[in-house]
Amino acid sequence: MQRNVIVFLVLISAASSAHAQEWARKMFETTSHDFGAVARGAKSEFRFKLANIYVEDVHISDVRSSCGCTTPTKGPELLKTYDEGFILATFNTKNHLGQKSATLTVTFDKPFPAEVQLQVSGFIRSDVELEPGGVQFGTVGAGEPAEQTLKITARTDRNWQITAIRSSSEFVEAEAVETGRQIGDVTYDLKVRLLPGAPTGYVKERLVVVANDSKSTEFPIEVEGRVQAALSATSHLFMHTVKPAGKKRMPLVVQGKQPFRITSIECDDECFTWECPKTSERRHIVNVTFEAPDEPGKHSAKLRITTDLPNQSVLEVPVMANVVAPEPEEEAAE
């Protein structure tokens, strides 16, 4: 009888522990990733995305790997409601070869103790090597082309040949130029280009190199960079709380790659006004004022900014304000 009670308590404890972990697993988009076959030295990373879907704050206290082939890095440790985070898994392709797998254990201590295990795997080739491990364009001006060259070395069949290159983006193209061929060693220069029409923002694309290879016919190459607009501004202005008939002013920073003059600013909401600079500078501060009406409510509009920069379309910046009536106690105090 005593033994049965102990077994029952163990089962209850196991079920409770499994349920305790489930709340943490629900935050992850996925808990496994296969890198596939990658070249030696290639930059290979994957972000396990998670989002706090709970009211309580979530805190990541630790993340560790079962294998040196993969290095885990945690994003923001503290996630408030609806905040998004990630666990970055970096496949160590320079120091490891062959089929590798690892378990990444993510430990939470708030709002409740829990662990989530993430699985990664992949095959690091010893016969194909990249130098450098990926394409880094850095910061490129909008409308400007960019080019980087990688060296691909294949220590395999003398007849090894690149037959095709696939790109995940119409704005990234690549050309393979053979530079050497001898017994046990075939080399290529891979010229990768970012085309002028690439949209502004962060660039993260992938090239897939296809070869007449009996072991693995293809391997990926990561492409990263940032396309910077000729003109940019604060992403938005949000004047959180304004009393009826009150005023609030906030600065809007507008900057370009070369000196420019703001020729006009327009807005459909007359509650927003501004002081427009007259000089030609690379960086302007536009002081935007919101004059609240007598009635509470939310105001949302866009400032349309035009400059004298050539071929520059109108820059639109969202502006928002929330007119909130004071509480009765606050009115009495005033």
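The rules behind these values
In this numbering scheme, every chain counts its residues from 1 along its sequence in written order. For this predicted model, a pLDDT threshold of at least 70 governs which residues receive local features, and a threshold of 80 or more governs which side-chain atom pairs are given and counted, while totals over whole chains, interfaces and linings are taken from all residues. Only hydrogens and water are set aside when side-chain values are computed; all heavy atoms of the structure are taken into account. Pairing between strands is defined by DSSP: at least two bridges between them are needed. Going along the chain from the N terminus, every DSSP run of H or I of four or more residues is numbered as a helix, and every run of E of two or more is numbered as a strand. Where helices are involved, their axes are fitted lines through C-alpha atoms of the stretch in contact, as for all axes, and angles between N-to-C directions lie from 0 to 180°. What makes a salt bridge here is a side-chain nitrogen of Lys or Arg within 4 Å of a carboxyl oxygen of Asp or Glu, nothing more. Buried, partly exposed and exposed residues are distinguished by accessible area as a fraction of the type maximum, computed with a 1.4 Å probe on protein chains only: under 20%, between the cut-offs, and over 50%, respectively.

S.K.: Hey, could you run me through the sheet that holds strand β17 (residues 237-242) in this one?
M.R.: Backbone-to-backbone hydrogen bonds pair the strands of a sheet. The strands run either parallel or antiparallel. The strand order β17-β23-β22-β19 describes an open sheet built from four strands, whose pairing is mixed. With one partner strand each, in any of the chains shown, β17 and β19 (262-266) form the two edges of the open sheet. Each strand axis lies, on average, 20° off the axis of its neighbour in the sheet, ignoring direction. Across four bridges, β17 lies against strand β23 (residues 315-323) in parallel orientation. Considered in β23, the bridge of Phe238 is made with Met320.

S.K.: Honestly, the sheet that holds strand β18 (residues 247-260) in this entry has me stumped. Any pointers?
M.R.: In space, the four strands of this open sheet follow the order β16-β18-β21-β20, with antiparallel pairing throughout. The open sheet is flanked by β16 (231-233) and β20 (272-275), the only strands paired with a single partner. Each adjacent strand pair in this sheet contributes to an overall mean axis angle of 25°, direction not counted. Relative to β18, β16 runs antiparallel, the two being bridged by three bridges. Within β18, the residue paired with Ala233 across the bridge is Val254.

S.K.: What should I look at first to understand the pattern of salt bridges in this one?
M.R.: Oppositely charged side chains can form a pair if their charged atoms are brought close together. Scanning the entire structure with this criterion turns up 19 salt bridges. Of the charged contacts in the structure, one is a salt bridge between Arg125 and Asp213, with a shortest N-O distance of 2.5 Å. Of the two residues, Arg125 sits in strand β8 (residues 114-131) while Asp213 sits in the loop between β14 (201-211) and β15 (218-228), which places them 88 residues apart along the sequence. When sorted by exposure, Arg125 lands in the same class as Asp213, which is buried. Glu316 serves as the salt-bridge partner of Lys302, at 3.6 Å between the closest nitrogen and oxygen. Of this pair, Lys302 sits in strand β22 (residues 297-307) while Glu316 sits in strand β23, placing them 14 residues apart in sequence. For Lys302, a relative accessible area of 43% translates into the label partly exposed.

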